[in-house]
Amino acid sequence: MSFDGLMLKAIVNEIASILPAKVEKIHQPDNLELVFLLQARGSKRLSISAHPRFARIHLTEHKSVNPPTPPMFTMVLRKHLQGAILHSISQHELERICYLDFQGYDELGMNTSHRLVVELMGKHSNIILLDNEGKILDAIKRIPPYLSRIRTVLPSQKYILPPAQGKINLLKETIIPENQAGTMRETLFKNIEGLSPQSSSEILLSLNYDPDLPWNEQNQEEVILKVQEYINAIANNQTTPSLRPGKIAFAPFMLKGMDIKEYSSPSKLLDIVYTEKENTNKLEEKRKQLDDILKNHLDKLARKKDVHEQSLAEAKNAEKYKLFGELLTANLYQLKQGEEKAILQNYYNQETVEIPLDTQKSPADNAQRYFKQYNKAKRTKETQSALLVETISELNYLDTVSQAIADAETLDDFAEIHEELIKEGYAKAKQQKKKEDPKKPEPRKYVSPQGFTIYVGKNNNQNDYLTMKLASPEDIWLHVKDAPGSHIIIKTEGKQIPPETLEFAARLAANHSKSKHSNNVPIDYTQRRYVRKPKGAKPGMVIYTHYKTIFIDPKA
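All figures in this text were calculated on a predicted structure; none of them were measured in a lab.

Asker: Honestly, the pattern of salt bridges in this entry has me stumped. Any pointers?
Answerer: Across all of its chains, the model carries 20 salt bridges by this definition. Across the pair glutamate 202 and arginine 244 runs a salt bridge whose closest N-O atoms are separated by 2.9 Å. Residue glutamate 202 is found in helix α4 (residues 197-206), and its partner arginine 244 is found in strand β10 (residues 242-244); the two are separated by 42 residues along the sequence. Here the two residues glutamate 202 and arginine 244 agree in accessibility, since each one is buried.

Have a look at this one:
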């Protein structure tokens, strides 16, 4: 369910109940989100977001990480609002627009008043600061004329409301226009302020009406009374914030269905819903960002590989060119300039060979031409073979990074992978950060049913840490055979590893690899003492010997 006018009404009432409140601090954790630290009978955090998918306002207990340098809009807000008193909050009718009004003092000690307008309208959401005359001081999203012909949002302009949608405010009127052609849900949503498609459905379901049935004007009075009942209850702080898990639906009233969760306040409900949604969204965005970086390099390497292979294919003629040169040299006495070809006997196998000739060159020059082609092809074969090996090695390394990205679960996981890509030259650092002490790797940790500790690397740097630093020579090292995957370490503590623990660790190796969707996955294992890292090798790349192989079904 989207953040609609009914939810905003409930939130406005909740925030109003803690006012007046002093603005202690203002932060902007990301481009479209603000957090106000308020002092109101204790410390409170007010979160406001103009995110196109997660636009909202509510009290929060979630602590965000703030950028080292505050954005410009934050500086404007701090100049005018920090230290001021938030004395009132109100909603524009039942629309998704609310006003936060502040009173404070300027540098000369004169009284000042400002209004923060919060517009929660999907991709058109905005947060706009006004002076006491209703002029715009700044906005979290400036809208110049080339972005909108309908309404611009720029400093020094007079603030105007977004275009009205022509909906009915049931606090003022109660008649829905006749001849509605849509479903019952569509009719409510398109005609009544404050309702989203989901809240329209929920209200209709409370009357046992199917929201997808055509609108029936005979039911209009009953439906309107029910909607008014919900609106009046919310306006009078009679809310029961609730959440339906799965296909997330939430409302400031009690939803129908199984496994409905109730919350003590609208803010507690929204804090949980949006923190989870934003975390998921940030993970998806970070995964896509790293995937895009990787794809760019993988595509380039794939093209390089094709070029090297094509050059090698052409260099396969090297021995043929050498033979042509030798045969021409051995038969110069019977060849004449101007001939287009020479038909000679191959003295290695007694077969007849046809050799194309350049009519502009002498037989001796034709022989030298073939020797030059032979030497060039030979050099090409040597250099292109080395380059092909190097390119394949780099492709294999990036394949391990791709697997780590697919396996990552937290923002810290992605941050470690990003740092690795920056260090290896595949990504650029955004800005020079203050040098910090290296963070100690935190690999996944498991305990087998038999009590043995098992570590699983989350990325290549962690794989190196596990294998080359954490593991003892007698510990068991595991890795999926011939595919990207995590390094696995079983800490033996001087004990014999039972088959059940080995199988448990092998299953972890299979599930944290590119082969996790396969059947009968081969997992190599050996003592750590037989694993070494070649000089100059990429992170996570090792060589191992004295190994055995166990076959595992990851899904078993």
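More follows now that the structure is in view.
Asker: Help me understand the sheet that holds strand β17 (residues 476-480), please; the structure alone is not making it clear to me.
Answerer: Strand pairing in a sheet takes place through backbone hydrogen bonds and is either antiparallel or parallel in direction. Spatial strand order, β15-β16-β18-β17-β19-β22: six strands in an open sheet with antiparallel pairing. In the strand order of this sheet, the two ends are held by β15 (444-447) and β22 (548-552), each with one partner. In this sheet, adjacent strand axes meet at a mean angle of 25° when their direction is disregarded. Where β17 and strand β18 (residues 488-490) come together, three bridges link them in antiparallel fashion.

Asker: In this structure, what is going on with helix α11 (residues 499-511)? I would like to understand it.
Answerer: Side chains of residues three or four places apart in an α-helix project in the same direction, reflecting 3.6 residues per turn. When the terminal C-alpha atoms of α11 are compared, their 18 Å separation across 13 residues agrees well with the 18 Å that a helix rising 1.5 Å per residue should span. Considered for burial, the residues of α11 that qualify are Thr501, Leu502, Ala505, Ala506, Leu508, Ala509 and Ala510. Buried-residue contacts for α11 involve β15, β16 (453-456), β17, β18, β19 (521-527) and β22.

Asker: What is the right way to read the side chain of serine 311 from this model?
Answerer: Relative to the helices and strands, serine 311 is located in helix α6 (residues 266-315). Here serine 311 is in contact with Thr380 and Gln384, once residues within four sequence places are set aside.

Asker: Any chance you could explain the sheet that holds β10 here in plain terms?
Answerer: Overall, antiparallel pairing links the three strands, which are arranged β11-β10-β12 in an open sheet. Every interior strand has two partners, whereas the edge strands, β11 (249-251) and β12 (261-262), have only one. Against the sheet, α6 touches β10 and β11, its axis set at about 150° to β11.

Asker: How should the packing of aromatic side chains be read in this particular structure?
Answerer: Note on aromatic pairs: each is described by the distance of the centres and the angle between the planes. Taken as a whole and judged by the stated rule, the model has 10 aromatic pairs. Aromatic side chains phenylalanine 54 and tyrosine 274 sit 6.4 Å apart centroid to centroid with 75° between the ring planes, which places their arrangement in the edge-to-face category. With phenylalanine 54 in the loop between β3 (43-49) and β4 (56-59) and tyrosine 274 in helix α6, this residue pair connects regions lying 220 residues apart in the sequence. A relative accessible area of 4% places phenylalanine 54 in the buried class. With centroids separated by 5.9 Å and ring planes inclined at 75°, the aromatic side chains of phenylalanine 250 and tyrosine 274 adopt a geometry described as edge-to-face. Of this pair, phenylalanine 250 sits in strand β11 while tyrosine 274 sits in helix α6; the two residues are 24 residues apart in sequence, bridging distant segments of the chain. Residue classification places phenylalanine 250 among the buried positions, given a relative accessible area of 0%.

Asker: Is there a simple way to explain the environment of leucine 170 in this structure?
Answerer: Inspection of the secondary structure puts leucine 170 in the loop between β9 (136-139) and α3 (184-191). On the basis of relative accessibility, which here comes to 4%, the residue leucine 170 falls in the buried class. As a C-alpha pair, leucine 170 and lysine 304 span 134 residues in sequence and 67 Å in three-dimensional space.

Asker: Explain the confidence of the model for the protein here, please?
Answerer: As a note on interpretation, predicted positions should not be read in detail where pLDDT is low. When pLDDT is averaged across the protein, the result is 92; 98% of the residues are at 70 or more. Ranking the elements of the protein by mean pLDDT puts helix α7 (residues 318-330) last, at 87, and strand β8 (residues 126-130) first, at 98.

Asker: Can you help me understand the packing of helix α8 (residues 363-407) against helix α9 (residues 411-423) in this one?
Answerer: Axis separation between α8 and α9 bottoms out at 10 Å; the angle between their running directions is 160°. With respect to their mutual orientation, α8 and α9 come out roughly antiparallel. Judged by the sense of rotation from one axis to the other, the crossing of α8 with α9 is left-handed. For the pair α8 and α9, the contacting residues are Tyr397, Val401, Ala404 and Ile405 in the first and Phe414, Ile417, Glu420 and Leu421 in the second.

Asker: Explanation requested: the nonpolar core in the structure shown.
Answerer: Within the largest apolar cluster, 46 residues are counted, with the highest numbers of intra-cluster contacts made by Phe36, Leu46, Ile57 and Leu100. The element best represented in this core is helix α1 (residues 5-16), accounting for five residues.

Asker: What exactly am I supposed to notice about the packing of α4 against helix α5 (residues 220-235) here?
Answerer: In a packed pair of helices, the relevant descriptors are the angle between the two axes and the axis-to-axis distance. Between α4 and α5, the least distance of the axes is 10 Å, while the angle of their chain directions is 115°. Relative to α5, α4 is oriented roughly perpendicular. Here α4 runs over α5; the crossing is right-handed. Residues Ile203, Leu204 and Ser206 of α4 pack against Val223, Lys226, Val227 and Tyr230 of α5.

Asker: Explanation requested: unusual backbone geometry in the structure shown.
Answerer: With the exception of glycine, the majority of residues adopt a negative phi angle, and the majority of peptide bonds are in the trans configuration. Geometrically, the link from leucine 19 to proline 20 is a cis peptide bond, its omega value of 0° lying close to zero. Turning to its location among the elements, proline 20 is positioned in the loop between α1 and β1 (21-30). Backbone geometry at aspartate 259 places phi at a positive 60°, although glycine is not the residue there. Mapped onto the secondary structure, aspartate 259 falls in the loop between β11 and β12. The exposure class of aspartate 259 is exposed, given its relative accessible area of 65%. Positive phi, close to 65°, is recorded for glutamine 350, a residue that is not glycine. Looking at the element boundaries, glutamine 350 is found in the loop between β13 (341-345) and β14 (352-356).

Asker: I tried to follow the pairing of β3 on my own but got confused; where do I start?
Answerer: Residues in a regular strand point their side chains to alternate faces of the sheet. In terms of strand pairing, strand β2 (residues 33-39) meets β3 through seven bridges, oriented antiparallel. The residue bridging leucine 37 from the neighbouring strand is arginine 45, located in β3. Hairpin connection of β2 to β3: three residues between the antiparallel strands, including arginine 41 at a positive phi of 55°. Summarising the sheet, β3 and β4 pair through four bridges and their orientation is antiparallel. Bridge pairing links leucine 46 to leucine 59 in β4. Between β3 and the antiparallel strand that follows it, β4, lie six residues.

Asker: In this structure, what is going on with the environment of lysine 439? I would like to understand it.
Answerer: Residue placement: lysine 439 occurs in the loop between α9 and β15. Between the C-alpha atoms of lysine 439 and glutamate 416, which are 23 residues apart in sequence, the distance is 9.5 Å.

Conventions we followed
Residues numbered from 1 in each chain as written. Predicted model: local features only at pLDDT ≥ 70, side-chain atom pairs only at ≥ 80, totals over all residues. Heavy atoms only, no water. Salt bridge = Lys/Arg side-chain N within 4 Å of Asp/Glu carboxyl O. Helix = DSSP H or I, 4+ residues; strand = E, 2+ residues; numbered from the N terminus. Buried < 20%, exposed > 50% of the residue type's maximum accessible area, 1.4 Å probe, protein only. Pairing = 2+ DSSP bridges. Axes fitted to C-alpha atoms, helices over the stretch in contact; angles between N-to-C directions. Expected span 1.5 Å × (residues − 1). Contact = heavy atoms within 4.5 Å. Phe/Tyr/Trp six-rings, centres within 6.5 Å; stacked < 30°, edge-to-face > 60°. pLDDT = per-residue confidence, 0-100. Parallel < 35°, antiparallel > 145°, perpendicular 65-115°, else oblique. Left-handed = near helix turned anticlockwise from the far one by under 90°. Core = buried A, V, L, I, M, F, W, Y, C linked by side-chain atoms within 4.5 Å.

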